[in-house]
Amino acid sequence: MAERTLTVASTHGLHARPAALFVKAVTDSGCTVELQKGERKVNAASILGVVSLGIEHGDEVVVRVDGDDADAVLDSLAAFLEKDHDA
Amino acid sequence: MTELDTGAVVIHGVGIGRATTVGPVVRMPEPVADPVDTPSEREPADELARAMTSLAATAAQLRERGEKAGGTAAEVLDALAMMAEDPALAADVQHRIDDGATAEYAIHAAMATFRDMLVTMGGYLGERAGDLDDVSRRAIAHLSGLPAPGVPESATPFVLVARDLAPADTATLDLDLVLALVTTDGGPTSHTAILAREKGITAVVGAAEAARLTDGDVVLVDAENGTVELDPAQERIDLALQRTATLEAIRAQSSGPGRLADGHSVPLLANIGSVDSAREAVARGAEGVGLFRTEVLFLGAEKAPSVDQQRQTYAEVFGHFPGQKVVVRVLDAGADKPLAFLTDSGEENPALGRRGLRALAAHEHVLRDQLTALALAASETEAHVQVMAPMVSTTAEAHYFCELAHELGIEVAGVMVEVPSCAILADHVAPRVDFMSIGTNDLTQYVFAADRLLGTVANLQNPWHPAVLRLIETVGRAGHEHDVPVGICGEAAADPLLAVVLVGLGATSLSMSSSAIADVRAELAMHTLDDARTLAALAVSAESAETARQAVVSARPHQ
């Protein structure tokens, strides 16, 4: 399992549009991905779960990836979260 | 409903605007009822299969709509489709089905859980909560074999026939394709009517018999007469289109300040609620603002914005009206516009509760802050700012508000006449205030004891009724005797012919949705003050709203 702590860059955090794009990337990867903010962990393939974390710009999150190519998938998901999708 | 000599069927309702349109009917599906929690009679595996099939079909439906729409709508609809396919939702649905729920109820309840979670998060996410209800209703409609809710799609222009439009429906309405709106429920203050007025769409609301219209029926929607004619004859269509062309020509010729045929000036002002609507009012030739609703700045707020935050927003709005009048209504919270920091919860009948000025007087610091912010913003701009209080019902309240406003630096302070007691005692109220402004929507609601948002009593929500007009006459007379201006702000002023009657009753200015200004200006220019008084006398002495309007239409000089 690959794990990383990072800071979300999107100006408006992970709300509808960036959240949908992120979840899509997770689903396409075929891996099991967990997203954690504070004490709460959710299945990152669930848009309702991701949105419910209420992730704002600058929040610190933990991403955990389980499955084939977990490291490569983690790299691409981390790159996604560290880019500002509202810019 | 009546039949013409030609055999054509005519349905009656309340017309919004004056235009006439012909086109084919497209019906909005009936809303899907919320499922009830009855134990399932199927095996859990069967229920789960049904639930998953309907959610998958809903996702596909949403994506298909998104692909057709393209752009931002495609992204939004795709996100909704993902919500329908969500694994966390599926787990919750399965859990409920295992406990014996039907697929319908499991989806409804699971979605409601997520929705409530979003609502408690507030802000942007709270606003998305309604989207989940839409996904849920679509899935339940699919399970029940009913058409998907919402405005149906059509490649060609159509007349939309609905029970009433919800705010969410109006947001997705393609206005280029909608020729006219016809509703069976809802009165002149319904969402549909407000949308139609704002966008200048032809509409007939509260036309109960329109329930019998079916998709593809050709109808002639005549807003001026409030009728919907089924299968109109060609000559009726020609006549209607000709009338519309004449109206447009008159409208195009009219410009400048509002005045009667004899030159008597009647300033035409706009009702606004935001900086955007201020811009639109300027573009449409408003001579100022007769009603600036300030609730929009506060809705959704947990506490009142600071004096400085308020000052900035007010100054931005005032900046659009240099040298012109801007009448600001202080917070009108309560009833249909509850605010956490002002409104008492648990009132059984909030329209009759501690709302408007009553709520402000109970939380005077909120009122003081707002008046202070308004006075500061007024001193920074060139607008002639006036401030008025909503829901004033006694002379003492009128006195209290105007004294406080003057003390805090507001030069011109007045009251809204919306409660019958205030209208009846207008001769005592007038000497205590700098102006009075009649809010016809609430005045009508309180005269008839009929909730203005309730479809079942929408037939009573008609400002043409002599019961309302007589109160307006009382206020007009008191204003005249004490030399206190009497404005009208409410949907009544947007009805061109009624606007003439209101001037005849003593209104000195009219305020309305800015889209109605051109039509009202054109109509006023056709009557002298004497004409207006004659028409007003006819309306006031009539027995009902219908006969009042008919009397005025027949007595109106021919164009």
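Residues numbered from 1 in each chain as written. Chains lettered and ligands numbered in written order. Predicted model: local features only at pLDDT ≥ 70, side-chain atom pairs only at ≥ 80, totals over all residues. Heavy atoms only, no water.

Observations regarding the overall build of chain A
The following threshold applies: Strands here are runs of E lasting at least two residues and helices are runs of H or I lasting at least four, both read from the DSSP assignment and numbered beginning at the N terminus. Only protein chains enter the accessibility calculation, which uses a 1.4 Å probe; a residue is then buried when its area is under 20% of its type maximum, exposed when over 50%, and partly exposed in between. Residue contacts follow a heavy-atom distance rule, with two residues in contact if any of their heavy atoms lie within 4.5 Å. All accessible areas in this document rest on Shrake-Rupley with a 1.4 Å probe, and a residue is counted as covered only by the protein chains that are shown.
A count of helices and strands for chain A gives 3 helices and 4 strands. Along the chain direction, N to C, the helices and strands of chain A fall in the order β-α-β-β-α-β-α. The proportion of buried residues among the 87 residues of chain A is 51%. Of the contacts formed within chain A by residues at least 6 apart in sequence, a portion of 71% connects residues at least 24 apart. Per element, the accessible surface of chain A, about 4100 Å² overall, is 46% carbon and sulfur.

A closer look at the sheet that holds strand β14 (residues 412-417) of chain B
Residue and element names in this part refer to chain B. Stated precisely, the cut-off is as follows: Any two strands with at least two DSSP-identified bridges between them are counted as paired. Structural elements are reduced to axes, namely lines fitted to C-alpha atoms, with helices fitted over the stretch in contact, and the angle between N-to-C directions of any two is expressed from 0 to 180 degrees.
Strand order in the closed barrel formed by 8 strands is β10-β11-β12-β13-β14-β15-β16-β17, and the pairing between neighbours is parallel. Each strand of the sheet is rotated relative to its neighbour by a mean of 25 degrees, with strand direction disregarded. Pairing of strand β12 (residues 325-329) with strand β13 (residues 384-389), which is carried by 5 bridges, proceeds in the parallel orientation. Paired with Arg329 across the two strands is Met388, which belongs to β13. Relative to strand β11 (residues 288-293), helix α10 (residues 307-318) is tilted by about 155 degrees, and along the sheet it contacts β10 (268-272), β11, β12 and β13. Against the sheet, helix α16 (residues 440-448) engages β14, β15 (435-439) and β16 (486-489), with an angle of about 65 degrees to β15.

Looking at the environment of B:Val553
All names here are of chain B. Tracing the sequence through the fold places Val553 in helix α21 (residues 545-555). Using a relative accessible area of 33% as the deciding quantity, one classes Val553 as partly exposed. Val553 sits 18 residues away from Leu535 along the chain, and the two C-alpha atoms are 8.9 Å apart.

Side note on the sheet that holds strand β2 (residues 32-37) of chain A
Strand pairing within a sheet occurs via backbone hydrogen bonds; the two strands may be parallel or antiparallel. Residue and element names in this part refer to chain A. Across the sheet, 4 strands lie side by side as β1-β4-β2-β3; this open sheet has antiparallel pairing. The sheet is open, and its two edges are formed by β1 (2-7) and β3 (40-43), each paired on a single side. If you compare each strand with its neighbour and ignore which way they point, the axes differ by 20 degrees on average. Pairing analysis gives 5 bridges linking β2 to strand β4 (residues 60-66), with the strands arranged antiparallel. Bridging from a neighbouring strand, Val33 pairs with Val65 of β4. In this fold helix α3 (residues 70-81) packs onto β1, β2 and β4, with an angle of close to 10 degrees to the strand it touches most, β1.

Side note on the interface of chain B and chain A
Inclusion rule: Buried area is a sum: the accessible area each of two parts loses on coming together, probed at 1.4 Å, counted once for each and added. The salt bridge criterion pairs a side-chain nitrogen of Lys or Arg with a carboxyl oxygen of Asp or Glu, the two atoms within 4 Å. Polar contact is the term for a pair of N or O atoms within 3.5 Å; when the atoms are in protein, one must be able to donate a hydrogen and the other to accept it, and sequence-neighboring residues count only if both atoms are side-chain atoms.
If you look at the interface, chain B gives 17 residues, while chain A gives 15 residues. Counting the surface lost from both chain B and chain A, the interface buries some 1300 Å², and carbon and sulfur atoms represent 75% of this. The interface formed by chain B and chain A contains 1 salt bridge. Residue B:Asp78 pairs with A:Lys24 through a salt bridge whose shortest N-O separation is 2.3 Å. In this structure, the connection of chain B to chain A is made through 4 residue pairs in polar contact (both at pLDDT 80 or more). Elements supplying a minimum of two residues to the side of chain B that touches chain A: α2 (71-84), α3 (87-98), α4 (103-121) and α5 (123-143) of chain B. Here the side of chain B that touches chain A takes 5 residues from α2(B), the largest share from any one element.

Looking at the packing of aromatic side chains
Each aromatic ring pair is characterised by the separation of its centres together with the angle its planes make. The cut-off we apply is this: Ring pairs shown here join Phe, Tyr and Trp side chains whose ring centres sit within 6.5 Å, with only the six-membered ring taken for Trp; geometry is labelled stacked below 30 degrees between planes, edge-to-face above 60, and tilted in between.
Applying the stated rule across the entire model yields 3 aromatic pairs over all chains. Seen in terms of ring centroids, A:Phe22 and A:Phe80 are 5.9 Å apart; in terms of plane orientation they differ by 40 degrees. Their pairing is tilted. Taken as a pair, A:Phe22 in helix α1 (residues 16-29) and A:Phe80 in helix α3 lie far apart in primary sequence, 58 residues in all. Exposure remark for A:Phe80: the relative accessible area of 15% places this residue in the buried category. Centre to centre, the rings of B:Tyr314 and B:Phe318 are 6.5 Å apart; their planes meet at 20 degrees, and the pair counts as stacked. With B:Tyr314 and B:Phe318 both in helix α10, this residue pair falls 4 residues apart, about one helical turn. A residue is classified by how much of its surface remains accessible, and B:Tyr314, at 0% relative accessible area, is buried. Judged by relative accessible area, B:Phe318 falls into the buried class, the value being 0%. Taken together, B:Phe292, B:Tyr314 and B:Phe318 form an aromatic cluster joined through their ring pairs.

Side note on unusual backbone geometry
All names here are of chain B. The phi torsion at Asp231 lies on the positive side, around 45 degrees, for a residue other than glycine. Relative to the elements of secondary structure, Asp231 occurs in the loop between β9 (227-230) and α8 (234-253). Unlike most non-glycine residues, Met391 shows phi in positive territory, near 60 degrees.

Structural notes on the confidence of the model for chain A
We count it as follows: For every residue, the pLDDT score states the predictor's confidence, bounded by 0 at the bottom and 100 at the top.
With 97% of its residues at a pLDDT of 70 or more, chain A shows a mean pLDDT of 88. Averaged over each element, pLDDT in chain A is lowest for α1(A) (86) and highest for β4(A) (95).

Comments concerning the side chain of B:Glu104
Residue and element names in this part refer to chain B. With respect to the helices and strands, Glu104 occurs in helix α4. Assessed through its relative accessible area of 15%, Glu104 is described here as buried. At 2.9 Å, the side chain of Glu104 forms a polar contact with the side chain of Arg50.

Notes on the packing of helix α18 (residues 496-504) of chain B against helix α20 (residues 529-541) of chain B
Residue and element names in this part refer to chain B. Applicable threshold: Orientation labels follow simple angle bins: below 35 degrees gives roughly parallel, above 145 gives roughly antiparallel, 65 to 115 gives roughly perpendicular, and whatever is left gives oblique. By the convention adopted, Pro, Cys, Tyr, Trp, Phe, Met, Ile, Leu, Val and Ala count as nonpolar, Lys, Arg, Asp and Glu as charged, and the other residues, Gly among them, as polar.
Where α18 meets α20, the closest approach of the two axes is 7 Å, and the angle between their N-to-C directions is 100 degrees. Compared by their axis directions, α18 and α20 come out roughly perpendicular. Of α20, the residues touching α18 (which contributes Val500, Val501, Val503 and Gly504) are Leu529, Ala532, Arg533, Leu535, Ala536 and Ala539. Taken together, the residues of the contact of α18 with α20 break down into 8 nonpolar, 1 polar and 1 charged.

Observations concerning the pattern of salt bridges
Residues and elements named next belong to chain B. All chains considered together, the criterion is met by 30 salt bridges over all chains. Taking the shortest distance from any N to any O, the salt bridge between Asp332 and Arg329 comes out at 3.7 Å. The residues Asp332 and Arg329 share a single accessibility class, namely buried. The partner of Glu523 in a salt bridge is Arg556, with the nearest N and O atoms 2.8 Å apart. Note that Glu523 is positioned in helix α19 (residues 517-524) and Arg556 in the segment after α21, a separation of 33 residues in sequence. Owing to a relative accessible area of 0%, Glu523 belongs among the buried residues under this scheme.

A closer look at the nonpolar core
Heads up, the condition is: For the purposes of this section, nonpolar cores are sets of buried Ala, Val, Leu, Ile, Met, Phe, Trp, Tyr and Cys residues that join through side-chain atoms within 4.5 Å.
In terms of nonpolar packing, the biggest core is built from 98 residues, with B:Phe318, B:Leu371, B:Phe401, B:Met436, B:Val501 and B:Leu510 touching the most fellow members. With near-sequence residues (within four places) excluded, B:Phe401 lies in contact with B:Val330, B:Leu357, B:Leu367, B:Leu371, B:Val387, B:Met388, B:Ala389, B:Ala413 and B:Gly414.

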